[in-house]
Amino acid sequence: MLEIILLAPLIGGVVLALTGHRAAAGWLNVATGAVTFAASLVLALDVFEHGAQLSPGRLFYIDAFNVYLVALTAFVGMTTSIFSRPYMRHEVERGRVTDRRMRLYHSMYQGFLFSMLLALTTNNLGIMWVAMESATLTTVLLVSLYRTPESIEAAWKYFVLCGVGIAQALFGTVLIYFAAENRTGGEIGDTLLWTVLHDTTTGGLDPAVVSLAFVFLLVGYGTKVGLVPLHNWLPDAHSEGPTPMSAVLSGLLLNVALYALVRFKMLVDASLHTELAGHLMMGFGLLSFVVAGLFLHRQHDIKRMYSYSSIEHMGLMTFAFGIGGPLATFGALLHMTMNSLTKSAIFVTVGYASQLAGTQRIEHIRGLIRTQPAIGWGLLIGTVAIAGFPPFGVFISEFLLLMATMKAWPWLTIPLLFGFGIAFAGLFRHLQPMVFGEPPPGQKPIQANMLPVAIHLALVLWLGIALPGFLSGWFEQATLLISGASLR
């Protein structure tokens, strides 16, 4: 199943590089995503029943932490490809994308998914870094797809900032290898393996080297997560790239970067037996959460507004993983799922809303619910869900995180509640006129496939009402794995 998960998007990307401009390319993109998701679901059920799995060559390692992220990534990639087919066809009709760029788009879309799945499944921390760099390069090509001055500027900004960030992550990885190599004296291929490092840290690594390494790793992978003040690339990339890219970027790539950071935190916690890594993550996470909420109020581009919402929620997850402990970790894992499903659904709706209004400017998007009720209701329900209203799943995950904060750091409850209130006000300040305002003259409905939105929001509602036993089991196993590192 793992071979299928990795080979399907890789082969699909090569085929789409040659045929991505044809009418059937959109369906081939969907079919590739469906095969990847089906294989990931089988793999996830197998890991849930039989435990962690290590490939014969020890190059890949699947456990409860990454297997659910693999399934989530494949699922959102598949549903976004369903939305992508009519959306990109409309972009071709408008003359914004040529046949050559459609081949580039489809191939890079699958290449992007392959890079993320490789980063999640590899047991080698060096290959994980290479996969993250590959995801950066594919995203650059997607951000600049329209070839406008603004999109090219956003792509260069993304490339430079994330390139510098990923270089810091490389240096941090080298320092981890240096500390482990001095301890074990093993070969470079073995010393970079997660399973070897996880066993090595039981005896402890050099505290000074490991502490310095995590600082570089936090700055490096934190740039990819979008943590303040390393977030400047994210709003530009969202606003200038094609909307399907925004959906997978916000719903998936940020999770993968945070996954890498948490993996390293597990090593640092087990080695240092201190809360250094957790305190650093809490600081950056809470700063990102509050600052992004404030920036929501001054946005004029709808995609930029929701990109700051992504920064806000990634900051909240980083803060929760920093707190550590079973309750905060379980809440963070649940919030990763809820945010991915909800935010990707929102960006699908935002894409259609922008096509309907002919602009991404918030002041020109009006009366969605009157012109095309499906788009208006989709945006309204998606925003209500991401704002944390019950009974949606985001409410449950945020409630768990709030309870964990009150238990571990009671005085931080006040800035956390302040951030919730600011973000709520910022979202609904702009939402009301976009959905219920007077539509401009001549605004007509467009062809829109709202099936991905309906599926995602239905799942978020269902998971908020009753969390299935198998999903709860995954989260519990992952929670024990992550929290156990800090208790060793």
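What you are looking at is a predicted structure, and each value in this text was computed from that prediction instead of being measured.

A. Here's a closer look at the side chain of Thr 243. Position of Thr 243 among the secondary structure elements: in helix H11 (residues 243-272). Dropping the residues within four chain positions of it, Thr 243 is found in contact with Phe 83, Tyr 87, Lys 303, Phe 347 and Gly 351.

B. Spatial organisation of helix H17 (residues 393-408). Taking 1.5 Å of rise per residue, the 16 residues of H17 would be expected to cover 22 Å, and the 23 Å separating its terminal C-alpha atoms lies within 8% of that figure. Buried within H17 we find Gly 393, Val 394, Ser 397, Glu 398, Leu 400, Leu 401, Leu 402, Ala 404 and Thr 405.

C. Representation of the side chain of Asn 339 in the model. Tracing the backbone through its elements, the reader meets Asn 339 in helix H14 (residues 325-357). Once residues within four sequence positions are removed from consideration, Asn 339 is found in contact with Ser 250, His 313, Met 314, Met 317, Ser 344 and Ile 386.

D. Main features of the pattern of salt bridges. Under the defined criterion, the tally for this structure stands at 8 salt bridges. Glu 91 serves as the salt-bridge partner of Arg 94, at 3.0 Å between the closest nitrogen and oxygen. Assessed through its relative accessible area of 0%, Glu 91 is described here as buried. In this structure, Glu 438 engages Arg 370 in a salt bridge whose closest nitrogen and oxygen atoms are separated by 2.8 Å. Linking Glu 438 in the loop between helix H18 (413-436) and helix H19 (451-465) with Arg 370 in helix H15 (residues 368-371), this pair joins segments that are 68 residues apart in sequence. You'll find Glu 438 and Arg 370 in the same group, each marked exposed. In this structure, a network of salt bridges that share partners links the residues Glu 91, Arg 94 and Arg 96.

E. A nonpolar patch on the surface, seen in detail. A cluster of nonpolar residues, Leu 137, Ile 152, Trp 156, Phe 159, Val 160 and Val 164, forms a patch on the protein surface that exposes about 540 Å² of accessible area. One can find Val 164 in helix H6 (residues 149-184).

Definitions and cut-offs
In this numbering scheme, every chain counts its residues from 1 along its sequence in written order. With pLDDT at 70 or above as the cut-off, local features in this predicted model cover only qualifying residues; side-chain atom pairs require 80 or more to be listed or tallied, and sums for whole chains, interfaces and linings still use all residues. Each side-chain value is worked out from all heavy atoms of the structure, with water and hydrogens disregarded. Strands here mean DSSP runs of E at least two residues long; helices mean DSSP runs of H or I at least four residues long; both are numbered from the N terminus. A contact between two residues is defined here by any heavy atoms of the two lying within 4.5 Å. Residue count minus one, scaled by 1.5 Å, sets the expected span of a helix. Burial status follows relative accessibility: with a 1.4 Å probe on protein chains alone, a residue under 20% of its type maximum counts as buried, one over 50% as exposed, and anything between as partly exposed. In what follows, salt bridge is the name for a side-chain nitrogen of Lys or Arg lying within 4 Å of a carboxyl oxygen of Asp or Glu. Patches in this entry comprise residues that are over 30% relatively accessible and not in a salt bridge; like charges within 9 Å are linked, as are nonpolar side chains (Val, Leu, Ile, Met, Phe, Trp, Tyr) within 5 Å. Each accessible area is a Shrake-Rupley result for a 1.4 Å probe, and residues are judged covered by the shown protein chains and nothing else.

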